[in-house]
Amino acid sequence: MTTVRIAGMSRGQILVRVGNRSLTIPGEGHLDVPGSPGWLIQASAIGGWDPPHENDPLDVAEKKKILAAVLRELDAQGTHYTVEGEVR
């Protein structure tokens, strides 16, 4: 797989770049809330590629690899997170 990197984070999502394609991972950022997990990542809500690649296939195995790479990057940044649900 091509290199996975976090391209941006907003309160409701993490934008991920994989080669020339992007994928939006839904979540909720609670970065300024004491005692929060930092990020609540909704793994079960990970869909397909963002436009203009929305018709390119993205299977569960690849979604899991992408999520694992994102979690490694968050760990390297020292960002706390909780993953909710399973990739499907």
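Residues numbered from 1 in each chain as written. Predicted model: local features only at pLDDT ≥ 70, side-chain atom pairs only at ≥ 80, totals over all residues. Heavy atoms only, no water.

An unreviewed UniProt entry lists the protein chain under the name Immunity 74 family protein, from Pendulispora rubella.

J.: What am I meant to see in the overall build of the protein chain here?
T.: A count of helical and extended segments in the protein chain gives one helix and five strands. Sequence-ordered secondary structure for the protein chain, helices as α and strands as β, is β-β-β-β-α-β. Against the 2.2 N^0.38 benchmark of 12 Å for 88 residues, the protein chain shows a C-alpha radius of gyration of 13 Å, consistent with a compact globule. In the protein chain, buried positions account for 32% of the 88 residues. Sequence separation of at least 24 residues holds for 50% of the intrachain contacts in the protein chain that already meet a minimum separation of 6. With the model as given, the accessible surface of the protein chain reaches about 5,100 Å², and the carbon-plus-sulfur share is 49%. Here the protein chain contributes 9 positive and 11 negative side-chain charges, whose respective centroids are spaced 4 Å apart. (Helix = DSSP H or I, 4+ residues; strand = E, 2+ residues; numbered from the N terminus. Rg over C-alpha atoms; globule rule 2.2 N^0.38 Å. Buried < 20%, exposed > 50% of the residue type's maximum accessible area, 1.4 Å probe, protein only. Contact = heavy atoms within 4.5 Å. Areas by Shrake-Rupley, 256 points an atom, 1.4 Å probe, with all protein chains shown as cover. Lys, Arg positive; Asp, Glu negative; His and termini not counted. Charge placed at Lys NZ, Arg CZ, Asp CG, Glu CD.)

J.: What is the right way to look at the sheet that holds strand β4 (residues 39–42) in this model?
T.: Where strands meet in a sheet, backbone hydrogen bonds hold them as pairs that are either parallel or antiparallel. Taken together, the five strands give an open sheet; going across it, the order is β1-β2-β3-β4-β5, and neighbouring strands pair in mixed fashion. Of all the strands in the sheet, just β1 (4–10) and β5 (81–84) have a single pairing partner and so form its edges. Taking each pair of neighbouring strands and ignoring which way they run, the sheet shows an average axis angle of 30°. Bridge count between β4 and β5: four bridges; the pairing is parallel. Its bridge partner lying in β5, Trp39 is registered against Tyr81. Its contacts with the sheet put helix α1 (residues 60–77) on β1, β2 (13–18), β3 (21–29), β4 and β5, and the angle it makes with β1 is roughly 70°. (Pairing = 2+ DSSP bridges. Axes fitted to C-alpha atoms, helices over the stretch in contact; angles between N-to-C directions.)

J.: Sorry if this is basic, but what is going on with the environment of Leu74 here?
T.: Relative to the helices and strands, Leu74 is located in helix α1. Residue classification places Leu74 among the buried positions, given a relative accessible area of 0%. Excluding residues within four positions of it along the chain, Leu74 makes contact with Ile6, Met9, Ile14, Ile41, Thr79 and Tyr81.

J.: Just to check I follow, could you spell out the pairing of β1 for this structure?
T.: Regular strands place side chains that alternate from one sheet face to the opposite one. One ladder, built from six bridges, connects β1 with β2; its direction is antiparallel. What sits directly across from Ser10, in β2, is Gln13. Linking β1 back to β2 in an antiparallel pair, the connection comprises two residues.

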